[in-house]
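So the chains spell out like this:
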Amino acid sequence: MAEVVDDGHDRQSNKDLRRLTPAFKFLRPYVRQVVFASIALVITAAATLSIGQGIRLVIDSGFASGEAGVLVDSLSLFAGFVLVLTVGTFVRFYFVSWVGERVSADIRQAVFTHLINIHPGFFERNAPSEIQSRITTDTTLLQTVIGSSVSIALRNFLMFVGGVTLMFITNVKLSLIVLISVPFVVMPIILFGRRVRRLSRTSQDRLADVGSYAGESLRHIKVVQAFNHQGADETAFHQRVDAAFKISVQRIRQRAVLVAIVMLLVFGAVATMLWVGGQDVLSGQTSAGELAAFIFYAFIVAGSVGAISEVISDLQRAAGATERLIELLESPSELVERDAAGGLAGQEVSLQLDQVGFSYPTRPEQKVIDTVSFSVQPGEMVALVGPSGAGKSTLFDLIQRFYDPTEGSLRMCGQDLRDLSLSAVRGAVGFVSQDPVLFAGTLKDNLVYANPDASEVEIERALQLAHAADFVDALSEGLSTRVGEDGVGLSGGQRQRLAIARALLSKPSILLLDEATSALDAESENHIRLSIDGLKGRMTIMVIAHRLSTVRQADRILVLDGGRVIGSGTHEELMSSSDLYARFAQMQFAA
Ligand code: ATP
């Protein structure tokens, strides 16, 4: 819901800052930059504190002496401090931010690399949208922390310690007064600050509501307009916008109060110090320069307390973020590749299933595949038929080793899939899903998805075999035609033929084809039939068949029901030998 403006405010934090430690492991390659930044950090802190002494010198020696030369000397020293501070600040800011960006980029890459190879079942228990937000939002939180909050915290800690020390050195009496009044100043600021933060979180939520409502209505604009629902949508949207506005106003009010209080307290404190300190200056107990330096240090100390209290919550949020990212990085893939996992020799691949049983991890009690045994010879075409939910797609998933069977084994050329490398298994299989996914890009980008080095000739040949060449040629931009994220602008039949061509370009030994159930027009259907005819014998083909024409093309039909193979043979054989098939065929293929 919060995807629209998720800046990490909603993310759960963790009070235990030790959770941040694993993130610092990613700092190791950049020790050099960290050292530069640390040196600059210490120097700038020291230079900032020295400015107080500069102020004292300028006032006490420069002005008080009444000599222009001394004033120039004092000012030169002061300028020196400022110069060091300027250069140091540049170095610190540059390197700290650089390291923050670099580390969060590294973590993003590490998480993505880990996840893109993990077993697909992982995403059934972990919603991809949540993972996406971990990769973007949580790493951004870490980036802020490593790239600024940690440095702010360290710098302000140094300034606090240095500032307090110098305050006491400069004027003990005033320091004690300040120390006693600190809680009275800090408490209201923290209190209002918290309220403002809470309200800004709520305000983010409301804004996310606005965003997701607009997104949904606009995405489904045709449904909205078809039902004349614009009026109701406008009202609902206005309510959300108003709700967001009201929360914002509350936040602004609290913030305004906070700013006013800070002003009052700060100037009140300055006035008090000037009054008390002024008495001392008048009585000669202290110099004007010392008083000015003292006020400067008091500001530094107050500022550092404020800054640290600000970044503490950043650090806690980042601790939560680190915990979530590390959890992702450490979640193991359930598809274990043996160390000596091998490849497949040769292009011809046979398939054997032996007493295969399978339950999805999310529903272990339901046996989706139940003691299934069959084999497929190289070059054979086998059609899988069966009612919806029979387990046909699951069998395809097992053959591609997206899951391991809970019982029995699947073998390619006699080798257990678990003894082969995952890339060997996937390389041997070409898969065409029922509703093929085309990625955003041109038709050509999509075709060469698995084989970026495919030549023009190979592409042309694959298109011919898939009976896709004609419609691609008919497009004004041919292979350069852009297709949207879901291949918008192409019919279901065209998309499936493109997907066949894409699968062919990966030079598979086994083609797994999940025939489209949605009605294809007679011409598309005929094209796909011709395409299968052209492929028969060239490679092993398994097709989840929904049409009589496909079933008739197959060398053999396997009938699947409730996860079990209940019949095997040609259409004619099964019509006479299997009542279930006869009934199923009558219903399914009636048209
Ligand atoms: P259809 O032709 O409708 O696609 P199918 O024969 O291909 O059906 P499968 O998709 O293999 O059937 O599903 C077999 C059974 O497994 C169904 O009962 C389904 O609910 C269940 N199932 C499928 N995918 C999952 C999953 N990821 N987690 C849990 N159960 C699942």
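Structure first, text after, so check above.
Residues numbered from 1 in each chain as written. Predicted model: local features only at pLDDT ≥ 70, side-chain atom pairs only at ≥ 80, totals over all residues. Heavy atoms only, no water.

1. Description of a nonpolar patch on the surface
- Residues Val31, Val35, Ile39, Ile43 and Val84 make up a contiguous nonpolar surface patch of roughly 380 Å² in combined accessible area.
- Ranked by residues supplied to the nonpolar patch, first place goes to helix H2 (residues 31-65) with 4 residues.
- Tracing the backbone through its elements, the reader meets Val31 in helix H2.
- In this structure Val31 comes out as partly exposed when scored by relative accessible area, which is 45%. (Patch = residues over 30% accessible without salt bridge, like charges linked within 9 Å, V, L, I, M, F, W, Y side chains within 5 Å. Areas by Shrake-Rupley, 256 points an atom, 1.4 Å probe, with all protein chains shown as cover. Salt bridge = Lys/Arg side-chain N within 4 Å of Asp/Glu carboxyl O. Helix = DSSP H or I, 4+ residues; strand = E, 2+ residues; numbered from the N terminus. Buried < 20%, exposed > 50% of the residue type's maximum accessible area, 1.4 Å probe, protein only.)

2. Considering the packing of aromatic side chains
- Using the criterion set out here, one finds 11 aromatic pairs in the structure.
- Ring geometry for Phe36 versus Phe95: centroids 5.1 Å apart, planes at 45°, classification tilted. Residue Phe36 is located in helix H2, and its partner Phe95 is located in helix H3 (residues 68-116); the two are separated by 59 residues in the primary sequence.
- The exposure class assigned to Phe36 is partly exposed, which follows from its relative accessible area of 38%.
- When the centroid spacing of 6.3 Å and the interplanar angle of 85° are considered together, the rings of Phe396 and Phe431 count as edge-to-face. Here the residue Phe396 occupies a position in helix H10 (residues 392-399), and Phe431 occupies one in strand E6 (residues 429-432), the gap between them amounting to 35 residues.
- Its relative accessible area of 1% is what places Phe396 among the buried residues.
- Note on Phe431: relative accessible area 33%, which makes it partly exposed. (Phe/Tyr/Trp six-rings, centres within 6.5 Å; stacked < 30°, edge-to-face > 60°.)

3. Structural notes on the side chain of Asn171
- Tracing the sequence through the fold places Asn171 in the loop between helix H5 (128-170) and helix H6 (172-219).
- Given the relative accessible area of 12%, Asn171 is considered buried.
- If near-sequence neighbours (up to four positions away) are discounted, Asn171 is found in contact with Asp280, Thr286 and Phe294. (Contact = heavy atoms within 4.5 Å.)

4. Things to note about the site of the ligand
- Looking at the ligand, there are 14 residues lining it, with Ser388, Gly389, Gly391, Ser393 and Thr394 nearest.
- A distance of 3.0 Å is found between a nitrogen atom of the ligand and a side-chain nitrogen or oxygen belonging to Glu124.
- Between the ligand and Gly389 there is a distance of 2.9 Å, counted from an oxygen atom to a backbone nitrogen or oxygen.
- Burial of the ligand by the protein chains amounts to 72% of its free accessible area of 630 Å².
- Considering each element in turn, the shell around the ligand owes the most residues, 3 residues, to H10. (Near = heavy atom within 4 Å. Polar contact = N/O pair within 3.5 Å; in protein donor to acceptor, adjacent residues only side chain to side chain.)

5. Examining a positive patch on the surface
- A surface patch of like charges, here positive, comprises Arg194, Arg195, Arg198 and Arg201.
- Summarising the element assignment, Arg201 is placed in helix H6.
- Arg201 sits in the partly exposed class, given a relative accessible area of 33%. (Lys, Arg positive; Asp, Glu negative; His and termini not counted. Charge placed at Lys NZ, Arg CZ, Asp CG, Glu CD.)

6. Let's talk about the nonpolar core
- In terms of nonpolar packing, the biggest core is built from 46 residues, with Val385, Leu463, Leu498 and Tyr581 touching the most fellow members.
- Here the element with the most residues in this core is helix H15 (residues 492-505); it accounts for 7 residues.
- When near neighbours in sequence (up to four residues on either side) are disregarded, Leu463 contacts Leu447, Ala468, Ala469, Val472, Leu479, Leu498 and Ala501.
- Leu351, Val368, Tyr403 and Leu410 belong to the second-largest nonpolar core, a separate cluster that totals 32 residues. (Core = buried A, V, L, I, M, F, W, Y, C linked by side-chain atoms within 4.5 Å.)

7. Re the environment of Gly303
- Secondary-structure assignment places Gly303 in helix H9 (residues 288-330).
- In this structure the C-alpha to C-alpha distance between Gly303 and Phe160, which are 143 residues apart in sequence, comes to 8.6 Å.

8. Points about the environment of Gln355
- Tracing the backbone through its elements, the reader meets Gln355 in strand E1 (residues 351-358).
- As a C-alpha pair, Gln355 and Ser373 span 18 residues in sequence and 5.0 Å in three-dimensional space.
- Here Gln355 is in contact with Thr371, Val372, Ser373, Glu407 and Gly408, once residues within four sequence places are set aside.

9. Focus on the pattern of salt bridges
- Taken as a whole, this structure holds 20 salt bridges when the rule is applied.
- For Asp416, the salt bridge identified is with Arg418, shortest N-O distance 3.2 Å.
- For Asp416, a relative accessible area of 16% gives the class buried.
- For Arg495, the salt bridge is made with Asp435, and the minimal N-O distance between the two is 3.4 Å. Pair noted here: Arg495 is in helix H15 and Asp435 is in the loop between E6 and strand E7 (441-442), with a separation of 60 residues, a long-range link.
- On the basis of relative accessible area, Asp435 is assigned to the exposed category, the value being 54%.
- Taken together, the salt bridges that share partners define one network made up of Lys367, Asp370, Glu407 and Arg564.

10. A closer look at the sheet that holds strand E5 (residues 415-416)
- What the 4 strands build is an open sheet, ordered E2-E1-E4-E5; its pairing is antiparallel. Strands with a single pairing partner mark the edges of an open sheet, and in this sheet they are strand E2 (369-376) and E5.
- Inspection of the sheet shows E1 paired to E2 by 5 bridges, in the antiparallel sense. Bridge pairing in E2 places Phe358 opposite Ile369.
- Against the sheet, H10 contacts E1, E2 and strand E4 (407-412), and its axis sits at roughly 120° relative to E1. (Pairing = 2+ DSSP bridges. Axes fitted to C-alpha atoms, helices over the stretch in contact; angles between N-to-C directions.)

11. Let's talk about the pairing of strand E11 (residues 556-561)
- Burial analysis of E11 places 5 of its 6 residues in the buried class, which makes it a mostly covered element.
- With 5 bridges joining them, E11 and strand E12 (residues 564-569) adopt antiparallel strand pairing. Across the sheet, the residue bridging to Ile557 is Gly569, located in E12.
- Between E11 and the antiparallel strand that follows it, E12, lie 2 residues; Gly562 among them carries a positive phi value of about 55°.

12. Focus: the pairing of strand E10 (residues 540-544)
- The buried count for E10 comes to 5 of 5 residues, which makes it a mostly enclosed element.
- On E10, burial covers both faces: Thr540, Met542 and Ile544 on one face and Ile541 and Val543 on the other are all buried.
- Taken together, the 4 bridges between strand E3 (residues 381-385) and E10 define a ladder with parallel strand orientation. Opposite Met381, over in E10, you have Ile541 as the bridge partner.

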